[in-house]
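Analysis of the macromolecular model
Spelled out, the chains give:
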Amino acid sequence: MKKLLGQLTFWRAVLVMLLGLGLYATYVRFTQGLGAATNLSDQFPWGLWIGFDILCGVGLAAGGFTLCAIVYIFNIQAYKAVIRPAVLTAFLGYLLVIFALLYDLGRPERIWHAIVMWNPSSVMFEVAWCVMLYTTVLALEFSPILFEKLGWERPLRIVRAITVPLVIVGVLLSTLHQSSLGSLYLIVPEKLHPLWYSSLLPVFFFVSAIGAGCAMVIFESFMSSRAFKREIEMPQLAQLGRVLVVILMIYTVMKLQDLADRRAWVHVVTPTLEAMLYWAEMGLGVLLPMILLARPHVRRHPTGLFCSALLVVLGFVLNRMNVSITGMEAWARAGYFPSWMEIAVTMMIVALGITAFALAARHLPVFSPTAREEKTTMTESPHLAWAE
Amino acid sequence: MARKAMLIDITRCIGCGLCRDACKEQNGLPAGEETKLNANAYTVVQDYGHDVYVRRLCMHCEVPTCVSVCPVGAFTKTADGPVLYEESKCIGCRYCMQACPYQVPTYTWDQTEPRVRKCIFCHSRLAQGLPTACAEACPTGATIFGDREELIAEAQRRLREEPEKYVDHIYGLTEAGGSSVFFLSAIPFEQLGFPGNLPKHPLPLLTWNALSKIPDIVAVGGTALYGLWWIINRRDEVGRLHAKLKEMEDRKE
Ligand code: SF4
Ligand code: SF4
């Protein structure tokens, strides 16, 4: 017993606790229904699981396609060092999103219906297809990491040969459904608060996902460098910080332009809860990191870079929560706040994601490519190889 | 079949609740006096004081939001007007509930195999040539059933003949592209809980604008990405070839 306790480090204890709570909530959810496990209601049918697990989950995984495009299409080889963790996050992210969806759907056993029952006028239908297809693409993009580990040469060569088409398809699918998650809310012009409702929602979702995806890559590299005591790829990450500044700038300009076009300024300056959250989202999650990252010495300093990236991620999460929850509450007059079981399931899923990432990083060549691979890279045309 | 509709004249409603009871009986729902739509009440009568009672029910929109958003096509709009729900298709995403401008579809939250519930315009009665159960039960004629065009004419007639009695608006005629249930009232509709900020065009247009761009994005985006890749990587390839050639020449010498 004592030995067992000794092995339980702090984080493992946290993990076990989250798993315990999450599993209990899972039990309640699947034996007593959504009503017993959640605070959802007829007035407020979408809550934390859609707002956080789905909208944020997909968005934070956007680093995968962004970096793939940078490296394989724009041929900026410098970023190769961070492409693998980005693809891994994306892949895990999507698996977890699908997992979370099983909780939220009223009839999860029918999730396959979208494959055979079509309604092309539905944004949700499009999202379903994109997520299905893109998860497949991600599995393929991720597979070389596994094949390398297993030493399977043939499949490795096949996947490498189709890297570029794969990346192109991946970028297209991501563009479509990152923006479609915003399109989901186009249909509720009268419900969503004017601070967030805009016909540009799809574009905002797309651009902010690219930003959040890049920030996540920085965030993970930093965390894993500490966890595994490895060298952090500062030059590339600092560069990525610069890319982030540009993305945040584009985002800000578009948001301001949109506010002006819709004459929604009054909502920004009226003291309401919504306005406060809007300020938090834009000020702390967009403007502050933009200013910070624009300064070279912040960008080049690991802590400065890490904190700025963290702000971007938090701002992104706040934005998605605002669109999906706080921005809808006034209209619904429902006063939704997630139940502890909804929170427990979400925390469990996040914990599972971190655990899976840590395990993969430890046992697969995610951060430290093998020597054998470097040899391969030199004999093959470099733009088709996975990492060096 | 001619398109059917219902006209509900709020000024004639006495709040007896017979429509609600008839609906419950017709649809085999447990009896009760709910005032909010839920899985056991497809229509309710809400008391606004001063003898003002307002029915709530599905509007059976002309271009229904619920039909457009359902990913698996569980909702359909029939030719004669009703908007129907097919339980066996539904995956329970609840997008229909999220998107309906009138907050109509409800859910059986307490079941492990939940389903969406809402008024189905007594579709089976219509097929037999009967009016909806609620219209048949209404003792004052506050709810009447009939051909859509005729009911619109009737509503316009009432507004014309007694302009002092009504606010000059047939609710449901233009809201979100129009519906199959119309309301007349003496009190502005916004004060009776009707959404007042709905656009005149059907809401599905909003998402359709975005969705219809997908083929373009795929075609243009795919070509552009491939082209970019080709141009950018071509330079490298050429560079490598040159290097190789030079190497070979060097060796020959
Ligand atoms: S009122 Fe709502 S549920 Fe009824 S047809 Fe219109 S969109 Fe569908
Ligand atoms: S809950 Fe069912 S009926 Fe409603 S949109 Fe989702 S799948 Fe369609």
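Here, the structure is the one placed above.
Presented here is a report on the structure given in the accompanying data block.

Reading guide: rules and limits
Residues numbered from 1 in each chain as written. Chains lettered and ligands numbered in written order. Predicted model: local features only at pLDDT ≥ 70, side-chain atom pairs only at ≥ 80, totals over all residues. Heavy atoms only, no water. Helix = DSSP H or I, 4+ residues; strand = E, 2+ residues; numbered from the N terminus. Buried < 20%, exposed > 50% of the residue type's maximum accessible area, 1.4 Å probe, protein only. Contact = heavy atoms within 4.5 Å. Expected span 1.5 Å × (residues − 1). Core = buried A, V, L, I, M, F, W, Y, C linked by side-chain atoms within 4.5 Å. Salt bridge = Lys/Arg side-chain N within 4 Å of Asp/Glu carboxyl O. Near = heavy atom within 4 Å. Nonpolar A, V, L, I, M, F, W, Y, C, P; charged D, E, K, R; others polar. Polar contact = N/O pair within 3.5 Å; in protein donor to acceptor, adjacent residues only side chain to side chain. Axes fitted to C-alpha atoms, helices over the stretch in contact; angles between N-to-C directions. Parallel < 35°, antiparallel > 145°, perpendicular 65-115°, else oblique. Left-handed = near helix turned anticlockwise from the far one by under 90°.

As for the environment of F222 of chain A
Residues and elements named next belong to chain A. Mapped onto the secondary structure, F222 falls in helix α11 (residues 201-227). For F222, a relative accessible area of 12% gives the class buried. In this structure, F222 is in contact with I232, P302, T303 and F306, ignoring residues within four places of it in sequence.

Observations concerning helix α4 (residues 48-60) of chain A
Residue and element names in this part refer to chain A. Compared with the 18 Å implied by 1.5 Å per residue over 13 residues, the 16 Å span of α4 between its first and last C-alpha is markedly short. Of all 13 residues making up α4, 11 are buried, and the element is well covered by its neighbours. Among the residues of α4, L48, W49, I50, G51, D53, I54, L55, C56, V58, G59 and L60 are the ones counted as buried.

Quick word on the nonpolar core
Judged by nonpolar contacts, the single largest core of 185 residues is most densely connected at L67, Y185 and L192 of chain A together with F75, Y95 and F183 of chain B. Ranked by residues supplied to this core, first place goes to α11 of chain A with 13 residues. For F75 of chain B, the contacting residues outside a window of four places in its chain are C66, V67, C70, V83, L84, Y85, C96, V116 and K118 of chain B. Core analysis: the next-biggest nonpolar cluster, separate from the first, contains 10 residues, A5, I152, L159 and I170 of chain B among them.

A short note on the pattern of salt bridges
Counted by the stated rule, this structure contains 24 salt bridges over all chains. The salt bridge partner of D104 of chain A is R94 of chain B, with a shortest N-O separation of 2.9 Å. Taken together, the residues D104 of chain A in helix α6 (residues 80-104) and R94 of chain B in the loop between β5 (83-85) and α3 (95-99) connect one chain to another. Each member of the pair, D104 of chain A as well as R94 of chain B, is classed as buried. Close ionic contact of E136 of chain B with R125 of chain B constitutes a salt bridge, the shortest N to O distance being 3.1 Å. Linking E136 of chain B in helix α5 (residues 133-137) with R125 of chain B in helix α4 (residues 123-127), this pair joins segments that are 11 residues apart in sequence. Note on R125 of chain B: relative accessible area 11%, which makes it buried. By sharing partners, the salt bridges in this structure join R107, E109 and R110 of chain A together with E87, E113 and R115 of chain B into a single network.

What about the site of ligand 1?
The full set close to ligand 1 counts 13 residues, and C58, M59, C61, C66 and C100 of chain B are the nearest of them. A breakdown of the residues in the shell around ligand 1 according to their chemical character gives 10 nonpolar, two polar and one charged.

So, the interface of chain B and chain A
A common measure of how large an interface is: the accessible area buried when the components associate. Each partner contributes to the interface: chain B provides 57 residues, whereas chain A provides 54 residues. Our count for the contact surface shared by chain B and chain A stands at four salt bridges. Counting the contacts that link chain B with chain A gives 23 residue pairs in polar contact (both at pLDDT 80 or more). Where the side of chain B that touches chain A is concerned, the elements lending two or more residues are α2 (65-69), α3, β6 (106-107), α7 (204-211) and α8 (214-252) of chain B.

As for the packing of α6 of chain A against helix α8 (residues 123-150) of chain A
Residues and elements named next belong to chain A. As a packed pair, α6 and α8 sit with axes 9 Å apart at the nearest point and diverge in direction by 135 degrees. Taken together, the axes of α6 and α8 are oblique relative to one another. For the crossing formed where α6 meets α8, the hand is left-handed. Contact residues: α6 offers R84, V87, L88, A90, F91, Y94, L95 and I98, while α8 offers V131, Y134, T135, L138, A139, E141, F142, I145 and E148. A class-by-class count of the residues in the contact of α6 with α8 yields 13 nonpolar, one polar and three charged.

Keep in mind these values describe shape, not function.
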